[in-house]
Amino acid sequence: MTEPALIELRGASVRFGTRTAVHPLDLRLAPGERLALVGANGSGKSTLLRLLHGLRRPDAGLCLQAPALRIGMLFQRPALLRLSVAAHLRLALRLAGAVEPEPAARVAELLDQVGLRAEAARPARALSGGQQQRLALARALAGRPGLLLLDEPTASLDPGAKREVEALIEGLAAGGMSLVFASHNLGQVKRLATRVLYLEQGRVLADAPVGPFFADGGAALPEAARRFVRGELPW
Ligand SMILES: Nc1ncnc2c1ncn2[C@@H]1O[C@H](COP(=O)(O)OP(=O)(O)O)[C@@H](O)[C@H]1O
Ligand SMILES: [Mg+2]
């Protein structure tokens, strides 16, 4: 018997006006999978993430989520409020409806997890870019999600901050977290993904486990995806 899916799309499509951002798509995500979404700007990665999250309903077809699945989401740039670091996490716990016997202890645990314990009282907007993204990650984790969606989570960071944030995501992956993440970073895809989906203009051109995807310079893939694998980015 196949394992129940975390999320399943059945013929799900998204349109913006007359433009189709995601063509009818079947996609099944199993627990523990780490799916990388790759493709040029405008290929539909962010729209697909929003569809999986439920922020956007499909215009046709279905998006089915496992019962009681909690989803955390991290965007390229964190949208932070005029609040302290710790206050962001207290708010996130409340918004997630998290039943925590000791909210303060949970906040401390989240701060430790992303290395921001010493910054707890600082205004979030005074943090460095990398610290802000780590706070956004802690916020996404506050409700103990079973699935984390990451939209180019390190794209706006400098190299040092990129490594810090990626190391945290690697730690989550090692702990069995299911992920779907958009990335233009070949190395990051190889390090984090178990499976890669290549999108072009809202259509899936390739969907394969990470090994076969990158095997023989992507020999089995369509031309555009092969150029991605070879680092000859077509965008
Ligand atoms: N809110 C929106 N309104 C209109 N068009 C949109 C909107 N969001 C995305 N699109 C269009 O949908 C397509 C896919 O965009 P997007 O999912 O952002 O791609 P990616 O994340 O791969 O860059 C693009 O043609 C984009 O212009
Ligand atoms: Mg995008």
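Calculation notes
Residues numbered from 1 in each chain as written. Chains lettered and ligands numbered in written order. Predicted model: local features only at pLDDT ≥ 70, side-chain atom pairs only at ≥ 80, totals over all residues. Heavy atoms only, no water. Pairing = 2+ DSSP bridges. Helix = DSSP H or I, 4+ residues; strand = E, 2+ residues; numbered from the N terminus. Axes fitted to C-alpha atoms, helices over the stretch in contact; angles between N-to-C directions. Contact = heavy atoms within 4.5 Å. Buried < 20%, exposed > 50% of the residue type's maximum accessible area, 1.4 Å probe, protein only. 1 Å grid on protein atoms, 1.4 Å probe; cavity = no way out; pocket = protein on both sides within 12 Å on 5 of 7 lines; lining within 4 Å. Points joined across faces, edges and corners; volume = space filled by probe spheres on them. Phe/Tyr/Trp six-rings, centres within 6.5 Å; stacked < 30°, edge-to-face > 60°. Lys NZ or Arg CZ within 6 Å of the ring centre and 35° of its normal. Parallel < 35°, antiparallel > 145°, perpendicular 65-115°, else oblique. Left-handed = near helix turned anticlockwise from the far one by under 90°. Nonpolar A, V, L, I, M, F, W, Y, C, P; charged D, E, K, R; others polar. UniProt positions renumbered as here; feature names shortened; annotations may be inferred. Core = buried A, V, L, I, M, F, W, Y, C linked by side-chain atoms within 4.5 Å. Lys, Arg positive; Asp, Glu negative; His and termini not counted. Salt bridge = Lys/Arg side-chain N within 4 Å of Asp/Glu carboxyl O. Polar contact = N/O pair within 3.5 Å; in protein donor to acceptor, adjacent residues only side chain to side chain.

Overview of the sheet that holds strand E1 (residues 7-16)
So, point 1. As summarised here, the arrangement of the three strands in space is E2-E1-E4, forming an open sheet in which the pairing is antiparallel. The two strands at the open ends of the sheet, each matched to only one other strand, are strand E2 (19-29) and strand E4 (60-65). Across the sheet, the mean angle from the axis of one strand to that of its neighbour is 25°, orientation sign disregarded.
So, point 2. The strands touched by helix H1 (residues 45-53) are E1, E2 and E4; relative to E1, the strand with the most contacts, the crossing angle is about 125°.

Structural notes on H1
For the α-helix, the turn length of 3.6 residues means that residues three or four positions removed from each other point alike.
So, point 1. Those residues of H1 not exposed but buried are Lys-45, Thr-47, Leu-48, Leu-49, Leu-51 and Leu-52.
So, point 2. In the stretch just after H1, Gly-54 is the one whose phi turns positive, near 95°.

A look at the layout of surface pockets
So, point 1. In this structure, the largest pocket encloses a volume near 520 Å³.
So, point 2. Contributing to the lining of the largest pocket are 21 residues, with Met-73, Ala-92, Leu-95, Arg-139 and Ala-140 lying nearest its centre.
So, point 3. Put simply, the parts of the chain that give the lining of the largest pocket at least two residues each are strand E5 (71-74), helix H2 (85-95) and helix H4 (129-141).

A closer look at the packing of aromatic side chains
So, point 1. Applying the stated criterion to the full structure yields two aromatic pairs.
So, point 2. Arranged with centres 5.2 Å apart and planes meeting at 75°, the rings of Phe-213 and Phe-214 form a pair that is edge-to-face.
So, point 3. Positioned above the aromatic ring of Phe-214, the side-chain terminus of Lys-190 is 5.0 Å from the ring centre.

Brief notes about the packing of H2 against helix H3 (residues 103-113)
So, point 1. In the contact formed by H2 and H3, the axes pass within 10 Å of each other and the chain directions differ by 120°. Comparing the axis directions of H2 and H3 gives the class oblique. Viewed along their axes, H2 and H3 form a crossing whose handedness is right-handed. Mapping the contact onto sequence places Val-85, Ala-86, Leu-89, Arg-90 and Leu-93 in H2 and Pro-103, Arg-106, Val-107, Leu-110 and Leu-111 in H3.
So, point 2. Considering only residue class, the contact of H2 with H3 consists of eight nonpolar, no polar and two charged.

Comments concerning the UniProt feature "domain: ABC transporter" (unreviewed entry) in the protein chain
So, point 1. UniProt records the feature "domain: ABC transporter" (unreviewed entry) for residues 7-226 in the present numbering.
So, point 2. From the first C-alpha to the last, residues 7-226 spans 28 Å; its make-up is 35% helix and 27% strand.

Some words on the packing of H4 against helix H5 (residues 159-174)
So, point 1. Where H4 contacts H5, the two axes come as close as 9 Å, and the packing angle between them is 20°. Judged by the angle between their axes, H4 and H5 are roughly parallel. The chirality of how H4 crosses H5 is right-handed. For the pair H4 and H5, contact is made by Gly-130, Gln-133, Arg-134, Leu-137 and Leu-141 and by Ala-161, Glu-164, Val-165, Leu-168 and Leu-172, respectively.
So, point 2. Taken together, the residues that form the contact of H4 with H5 break down as six nonpolar, two polar and two charged.

Points about the nonpolar core
So, point 1. If you look at the biggest cluster of nonpolar residues, it comprises 50 residues, and the most contacted ones within it are Leu-148, Val-189, Val-196 and Phe-213.
So, point 2. Among the elements that line this core, the one with the most residues is H4, at six residues.
So, point 3. The residues touching Phe-213, leaving out its near neighbours within four places in the chain, are Val-38, Val-196, Tyr-198, Ala-206, Ala-208, Gly-218, Leu-221, Ala-225, Phe-228 and Val-229.
So, point 4. If you look at the next biggest cluster of nonpolar residues, it comprises 24 residues, including Val-22, Leu-25, Leu-27 and Leu-199.

Brief notes about the side chain of Lys-45
So, point 1. Of note, Lys-45 is situated in helix H1.
So, point 2. Although buried, Lys-45 forms no salt bridge, and the nearest oppositely charged side chain, Glu-152, lies 4.4 Å from it.
So, point 3. Other than its neighbours up to four places away in sequence, Lys-45 contacts Leu-37, Val-38, Gly-39, Ala-40, Glu-152, Ala-182, His-184 and Leu-199.

Focus: the environment of Ser-43
So, point 1. For Ser-43, the position within the fold is in the loop between strand E3 (34-38) and H1.
So, point 2. Along the backbone, Ser-43 and Ala-21 are 22 residues apart, and their C-alpha atoms lie at a distance of 7.4 Å.
So, point 3. Reaching out from Ser-43, the side chain makes a polar contact with the backbone oxygen of Ala-40 at a distance of 2.7 Å.

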